Amino acid sequence: MQAEAAKRVTLRKDKPFAEQLNRSNTIYCIKSDFDLNGDTVTIPQGSTLKFKKGTLRNGELVGQGTKLITGRKERFEEGLSIKGTWDVEMAYSEWFGCKADGTDDTEAITAFFNFPAKKKTLKKGVYGVTELFCEGLNNSEIYAYGATLQYMRTDLDNTPGDHAVLSNYKGTIEFDSDMNGYVRIYGLTVDGNSQNFVYDHHPEVQTSIINHHTLRLVLTDEVVLKDCTFKNSFMTAVMLDVCRNSVVENCMVINSGESVNYKPVGMWYTWEGIALMDRVYTNKGWRRETCEKCVVKDCYFENIGGSFASANCQVFECYANTVKDNRGYAFELSSSYKDRVVDIHENEFWGVGSAAIDMTHFQIPDNTTNIVKLYNNKYHNLGYDSQRTQPCVKPFLMIYRNKEGQGSGVLEVTIKNNLFELAQKASQGLIKCDKFVFEGNTVKGFNGDQSSALFFCGNDEGLGSYYIQDNTLDFEGGALSIIRSPKFLEVSGNALKTSKANSIVWIQGSEEYMREAEYNIHNNEVNGPGAMVYVSSGPKELKMYGNKSESIEMGILRSSSDVPVKCVFVNNSFKKVSANMRNLEVIDR
């Protein structure tokens, strides 16, 4: 038995629109303009609106599985609100009267984004907008190749609130809100227009931070951003708050994250190109939730305040990205609440104002394992900011866990086969974790006088195993400083060169925790003006073998410490074995 064909009704211009919609499963043909006179009109179940001509305006239109048949012309004028359910595969911005000529399109494009279609196409052009809070972004795909959203406001201030050119929420977020499905955006350009902002500081307001981004997505199960451009953002270009699974691919972030208009109040902030946050503020305070996975790949960043920030993302992979003129850190990692894996590889940076990786806020709860891997990356001119008169003096690596109040989980870091070309005042790498592998890397251009290239703090409890293997370090300062008693240290197969420091490896630790520590320094090729190893207070036994140098005067320089140290010294090639023999026993020469 064949299904009954839908009936067709052509709507008459001289009758009210709502009065003529009186049958379900009907095709309503529209040939004229209709004013809903502020009424709410519910379309009968399973019906279709077929436009040949005409528009609808001034009211609320509620669909019930409603279909649309129309071309790419304006059908819904300003003042019309569309709700309910619609059986529409693809919606077009032309339906909503978007001009795309650079003038204000805020109301029309908000209606377009909020229309409940599975897919939406934004025509080419420039759309002038103020804030767009569009819940209709959820569960939709946006195709916007050649389209630009350009922010029109310039009168920002530091009054509380989060602002964004485009966001998928508005107003207060309920603490128990459900996750918002998926948001997929392709080819869209968002221009935050920050170069034209006029900053108005209100001293009576405690916060001085303007929360303004080009894109902010909140409580979203899946985010895909591909072939998009985000530029001139006052703060973070792309802010993903509590988004479980995200992919950012082949996107560009340009001229973003530098709050230069804070200067009147004596402030200078830098913000990230992309930030993944693990919390969002709700009507009941902060809601925390782990981001499960985020991938950032094949993206390009230029003239930005910082590259990437990741808070509590269980799996974060970042690869094949290019960054130029980054005034902040390359990566900031913080807030771990579950087991976590961070995988950063094949990226290239040209100018980084701060650390290659900053983990000074990395929290490690009990019974968790956190693995961070950096490999095959290239960092050129690391530690220098072209926008400031003075080069940066922060450490080029900041891997520094603090167990106090943060739990007793494990942090393991592997940095392998990277190139670090340091600027003239870049400071030493600051290392403190449970296991650290630094292998096959090249560090050069360091100008830290007698500061060490790598500064190992160990752990206060005497934990930590450090493996420094097969690296090339060519710099003015020393190579390694070891304090606070790592439990195990192996320095092997490295080419270490210094032009100023009085020692290549400097060891000083707590007598309490170094009694059982094991330090092996072997098969390194070293060159410099002083000793290979300076021992202030060290492990109970230090093994040095197979090391060679054509220029270093002596193998070990000992301080006047009362802590006895035994050194197993075998098959090394130095002009002298040691100096200042007090409390230093050298055996097996």
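Each remark here, short or long, concerns the structure printed above.
Draft legend 1. Region of the structure containing a nonpolar patch on the surface. Side chains of Val315, Val341 and Ile371 sit close together on the surface and give an oily, nonpolar patch of about 170 Å² of accessible area. In this structure, Val341 sits in strand E32 (residues 340-345). A relative accessible area of 32% means that Val341 is categorised as partly exposed.

Draft legend 2. Layout of the packing of aromatic side chains. For the structure shown, the criterion picks out 23 aromatic pairs. Ring geometry for Phe76 and Phe96: centres 5.5 Å apart, planes at 40 degrees, overall tilted. Linking Phe76 in the loop between strand E7 (59-69) and strand E8 (80-86) with Phe96 in the loop between strand E9 (90-92) and strand E10 (101-104), this pair joins segments that are 20 residues apart in sequence. The residues Phe76 and Phe96 share a single accessibility class, namely buried. With a centroid separation of 4.9 Å and 15 degrees between ring planes, the pair formed by Phe308 and Phe331 is classed as stacked. With Phe308 in strand E28 (residues 306-311) and Phe331 in strand E31 (residues 331-334), this pair connects stretches of sequence that are 23 residues apart. Residue Phe331 is classed as buried on the basis of its relative accessible area of 0%. One aromatic cluster in this structure is built from Phe51, Phe76, Trp86, Tyr92, Trp95, Phe96, Phe112, Phe113 and Phe115. Here Arg184 stacks its cationic end above the ring of Tyr182, 4.0 Å away from the centre of that ring.

Draft legend 3. Region of interest: unusual backbone geometry. Here the phi dihedral of Ala100 falls at roughly 55 degrees; this positive angle occurs in a residue that is not glycine. As for its placement among the helices and strands, Ala100 is situated in the loop between E9 and E10. For Glu346, which is not glycine, the phi dihedral falls at a positive 55 degrees. Locating Glu346 in the fold gives a position in the loop between E32 and strand E33 (348-352). A residue is classified by how much of its surface remains accessible, and Glu346, at 37% relative accessible area, is partly exposed.

Draft legend 4. Layout of a positive patch on the surface. A cluster of basic residues, Arg8, Lys31, Lys52, Lys53 and Lys73, forms a positive patch on the protein surface. Mapped onto the elements of the fold, Arg8 is located in strand E1 (residues 7-10).

Draft legend 5. Main features of the pattern of salt bridges. In this structure the tally under the stated criterion is 16 salt bridges. For Asp105, the salt bridge goes to Lys99, with nearest N and O atoms at 3.2 Å. Linking Glu141 and Arg184 is a salt bridge whose minimum nitrogen-to-oxygen distance equals 2.8 Å. Here Glu141 is found in strand E14 (residues 140-143), whereas its partner Arg184 is found in strand E17 (residues 182-186), with 43 residues between them in sequence. Given a relative accessible area of 11%, Glu141 falls into the buried group. By sharing partners, the salt bridges in this structure join Asp221, Arg244, Arg287 and Glu289 into a single network.

Draft legend 6. Geometry of the state of the cysteines. With the rule as written, the count across this model stands at zero disulfides. No disulfide involves Cys251; its nearest neighbouring cysteine sulfur is the one of Cys228, lying 4.6 Å away.

Draft legend 7. Spatial organisation of the pairing of strand E45 (residues 472-475). The side-chain alternation of E45 yields one buried face, formed by Leu473 and Phe475, and one unburied face, formed by Thr472 and Asp474. In the sheet, E45 pairs with strand E48 (residues 495-498) via four bridges, with the strands oriented parallel. Each residue of the ladder has a partner; that of Asp474, found in E48, is Lys497.

Draft legend 8. Just the side chain of Thr229, in detail. Positionally, Thr229 belongs in strand E20 (residues 229-231). Of the residues examined, Thr229 reaches a relative accessible area of 16% and is grouped as buried. In this structure, Thr229 is in contact with Leu188, Thr189, Val190 and Met252, ignoring residues within four places of it in sequence.

Draft legend 9. A look at the environment of Gly97. Structurally, the position occupied by Gly97 is in the loop between E9 and E10. It is 9.4 Å that separates the C-alpha atoms of Gly97 and Glu107, two residues lying ten residues apart in sequence. Once residues within four sequence positions are removed from consideration, Gly97 is found in contact with Glu74, Phe76, Asp105 and Ala108.

What counts, and where the lines are drawn
- Residues numbered from 1 in each chain as written.
- Predicted model: local features only at pLDDT ≥ 70, side-chain atom pairs only at ≥ 80, totals over all residues.
- Heavy atoms only, no water.
- Patch = residues over 30% accessible without salt bridge, like charges linked within 9 Å, V, L, I, M, F, W, Y side chains within 5 Å.
- Areas by Shrake-Rupley, 256 points an atom, 1.4 Å probe, with all protein chains shown as cover.
- Salt bridge = Lys/Arg side-chain N within 4 Å of Asp/Glu carboxyl O.
- Helix = DSSP H or I, 4+ residues; strand = E, 2+ residues; numbered from the N terminus.
- Buried < 20%, exposed > 50% of the residue type's maximum accessible area, 1.4 Å probe, protein only.
- Phe/Tyr/Trp six-rings, centres within 6.5 Å; stacked < 30°, edge-to-face > 60°.
- Lys NZ or Arg CZ within 6 Å of the ring centre and 35° of its normal.
- Lys, Arg positive; Asp, Glu negative; His and termini not counted.
- Charge placed at Lys NZ, Arg CZ, Asp CG, Glu CD.
- Disulfide = S-S within 2.5 Å.
- Pairing = 2+ DSSP bridges.
- Contact = heavy atoms within 4.5 Å.

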